[in-house]
Amino acid sequence: MDNSYEQYFVDSEFLSSEALKKKHQIENDPSSRTDHMKYLEDMDKIDSDIIEKVQKEIDNYDENIYSAKDVKKALEHDLCTLEDFKALLSPAAKPFLEEMAVKANRETSKHFGNSVNIFTPLYIANYCENYCIYCGFNCYNHIERLKLNSEQIEEEMKIIADSGIEEILILTGESRNLSSIEYIGEACKLAKKYFRNVSLEIYPVNVKDYEYLHECGADYVTVFQETYDTDKYEKLHLMGRKRVWPYRFEAQERALMGKMRGVGFSALLGLSDFRKDALATAYHAYLIQRKYPEAEISISCPRLRPIINNNKINPKDVHEKELCQILCAYRLFLPFAGIVVSSRESEEFRNGITKIAATKVSAGVSTGIGDHKSKYTGDSGDTKEGGEQFEIADDRSLDKMFNDMTQEGLQPVLNDYLYL
Ligand code: SF4
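Cut-offs used in this document
- Residues numbered from 1 in each chain as written.
- Predicted model: local features only at pLDDT ≥ 70, side-chain atom pairs only at ≥ 80, totals over all residues.
- Heavy atoms only, no water.
- Buried < 20%, exposed > 50% of the residue type's maximum accessible area, 1.4 Å probe, protein only.
- Helix = DSSP H or I, 4+ residues; strand = E, 2+ residues; numbered from the N terminus.
- Pairing = 2+ DSSP bridges.
- Right-handed = clockwise from strand over helix to strand, strands pointing away.
- Axes fitted to C-alpha atoms, helices over the stretch in contact; angles between N-to-C directions.
- Parallel < 35°, antiparallel > 145°, perpendicular 65-115°, else oblique.
- Left-handed = near helix turned anticlockwise from the far one by under 90°.
- Contact = heavy atoms within 4.5 Å.
- Nonpolar A, V, L, I, M, F, W, Y, C, P; charged D, E, K, R; others polar.
- Near = heavy atom within 4 Å.
- 1 Å grid on protein atoms, 1.4 Å probe; cavity = no way out; pocket = protein on both sides within 12 Å on 5 of 7 lines; lining within 4 Å.
- Sits in = over half its atoms within 2 Å of the grid points.
- Polar contact = N/O pair within 3.5 Å; in protein donor to acceptor, adjacent residues only side chain to side chain.
- Phe/Tyr/Trp six-rings, centres within 6.5 Å; stacked < 30°, edge-to-face > 60°.

**Examining the pairing of strand β7 (residues 338-341)**
Thinking step 1. Neither face of β7 is exposed, since Gly 338 and Val 340 on one face and Ile 339 and Val 341 on the opposite face are all buried.
Thinking step 2. Inspection of the sheet shows strand β6 (residues 296-300) paired to β7 by three bridges, in the parallel sense. Following the sheet pairing, Ser 298 is matched in β7 by Gly 338.
Thinking step 3. With respect to chirality, the unit in which β6 leads through helix α13 (residues 320-333) into the neighbouring parallel β7 is right-handed.

So, in structure tokens, the structure goes:
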């Protein structure tokens, strides 16, 4: 085991001796784990060469060969090539952050004006069958587990909709048994009653399941690849279906084959070499955009955050400066892509980056289960609340976010999509 990850291991007194034994075995003995590159029998294997193309680029990317001259050249070009993008992500670009931000701001204004979309996430269940060692929902972490029933989901949705939000992102932990496709489908049907846009961030599924979820009302799917470094991925995702790296990689393509309108991409920055992960994320999105020109594409840029029972987890070498560099580089390489900055980042950072590159932010956020009532109205009633996935850094309500953005000269947008 890579020593840098040992700090992520936390034993709980609530685990049985048998569970503890299994946990230690998969943490310490790689041969006890399943093959992370092998699809399981029930997983769709699609005909696509995008994995090979992305892997080739990350394998060949040497961030240290780029110089200030390469960065200046990249900034002079009207169109940012893949080679320019690599230079902009490299350490040589760090002294050019201001120039990058000015150019990124120009591109953002050209394609999005001064508008910034607002959405909110709704976690409906936090059961998870995977052991991702950095995540608060992992199956060995002792947190309050909960799955909302239809009435509770609808109650949460009403409260969120009453606040003015028109776009919702439905999330679950990754448990196919406890949060089945049908359960998620029913949540989408309810969401369609209250929101104009319904997005999903759930476990990757097969094409026919995406089709079904689309019929239920979902139109956007985001899947975080976490890291594109397959060796690191193996060390961080020790158990469960999520271990299968290529199946996760192809989720966005399967979602588009299942008629979703758009897809989101992301690496969780801080898990591995963040420059390579940023390169892979954007190149993955770029190739999907070329293959499916009608699709809406967005990129998120989460950094690691502390979780319940482990506040040592942090974004390592990805500080705000590095994050800003990545986001400016994303904007220049993918001028039309949505860029999402979540409440993992601070109020100050989000206020700044929405003026440069970001086009979508979350507001009124909770990463726990069933706690919108207490957070939005101050009254929790009888609802039991489930544990959070990670700590958020910016807890502004929709009203506050709306006002702050307006004062910054931005135009907050709750919906920009019309169904005919
Ligand atoms: S990252 Fe997702 S799959 Fe992994 S433990 Fe957390 S909720 Fe489960």
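**Description of unusual backbone geometry**
Thinking step 1. Here Glu 226, not a glycine, exhibits a phi torsion of approximately 70°, which is positive.
Thinking step 2. Mapped onto the elements, Glu 226 comes out in strand β4 (residues 220-226).
Thinking step 3. In this structure, Lys 259 takes a positive phi of about 75° despite not being glycine.
Thinking step 4. Inspection of the secondary structure puts Lys 259 in the loop between α11 (251-257) and β5 (262-267).

**What about the packing of helix α4 (residues 82-89) against helix α12 (residues 274-291)?**
In a pair of packed helices, the angle between the axes and the distance between the axes together describe the arrangement.
Thinking step 1. Closest axis-to-axis distance for the α4/α12 pair is 10 Å, and the angle between their directions is 150°. Here α12 runs roughly antiparallel to α4, going by the angle between their axes. Between α4 and α12 lies a crossing of right-handed hand. From α4, Leu 82, Phe 85, Lys 86 and Leu 89 reach across to α12, where they touch Arg 275, Ala 278, Leu 279, Ala 282 and Tyr 283.
Thinking step 2. The class makeup of the residues in the contact of α4 with α12 is seven nonpolar, no polar and two charged.

**Regarding the packing of α4 against α13**
Thinking step 1. The contact between α4 and α13 brings their axes to 9 Å, and the two run at 170°. Classified by the angle their axes make, α4 and α13 are roughly antiparallel. Residues Leu 82, Phe 85, Leu 88 and Leu 89 of α4 pack against Gln 325, Ile 326, Ala 329, Tyr 330, Leu 332 and Phe 333 of α13.
Thinking step 2. Residue composition of the contact of α4 with α13, by class: nine nonpolar, one polar and no charged.

**So, the environment of Phe 137**
Thinking step 1. Considering the arrangement of structural elements, one finds Phe 137 in the loop between β1 (115-125) and α6 (150-162).
Thinking step 2. Of the residues examined, Phe 137 reaches a relative accessible area of 2% and is grouped as buried.
Thinking step 3. In sequence terms Phe 137 and Tyr 183 are 46 residues apart; their C-alpha atoms lie 19 Å from each other.
Thinking step 4. Beyond its immediate stretch of four places on either side in the chain, Phe 137 contacts Tyr 123, Ala 125, Asn 126, Cys 128, Ile 143, Arg 145, Gly 173, Thr 367, Ile 369, Gly 387, Glu 388 and Gln 389.

**Looking at the site of the ligand**
Thinking step 1. Surveying the vicinity of the ligand reveals the residues Cys 128, Asn 130, Cys 132, Cys 135, Phe 137, Asn 138, Gly 173, Glu 174, Lys 242 and Gln 389.
Thinking step 2. Here the ligand is seated within the largest cavity.
Thinking step 3. When its residues are assigned to classes, the shell around the ligand shows four nonpolar, four polar and two charged.

**Looking at the side chain of Arg 261**
Thinking step 1. With respect to the helices and strands, the residue Arg 261 is situated in the loop between α11 and β5.
Thinking step 2. A polar contact of 2.8 Å, which involves the side chain of Arg 261, links it to the side chain of Asn 197.
Thinking step 3. Here Glu 296 takes part through its side chain, which lies 2.6 Å from a polar atom of the side chain of Arg 261.
Thinking step 4. In this view, Arg 261 contacts Asn 197, Asp 219, Leu 256, Glu 294, Ala 295, Glu 296, Tyr 417 and Tyr 419; residues no more than four positions away in its chain are not counted.

**Structural notes on the side chain of Glu 253**
Thinking step 1. Along the chain, the position of Glu 253 falls in helix α11.
Thinking step 2. Within the structure, Glu 253 has its side chain in polar contact with the side chain of Lys 291 (distance 2.6 Å).
Thinking step 3. Setting aside its immediate chain neighbours within four residues, Glu 253 contacts Ile 46, Ser 48, Ile 50, Ile 288, Lys 291 and Tyr 292.

**Focus: the packing of aromatic side chains**
Thinking step 1. Under the criterion given, the structure shown has nine aromatic pairs.
Thinking step 2. Centroid distance Phe 85 to Phe 333: 4.5 Å. Interplanar angle 10°. Geometry classified as stacked. Taken together, the residues span a long stretch of sequence, with Phe 85 in helix α4 and Phe 333 in helix α13 at a distance of 248 residues.
Thinking step 3. For Phe 85, a relative accessible area of 0% translates into the label buried.
Thinking step 4. On the basis of an interplanar angle of 85° and a centroid distance of 4.9 Å, the ring pair of Tyr 131 and Tyr 140 is categorised as edge-to-face.

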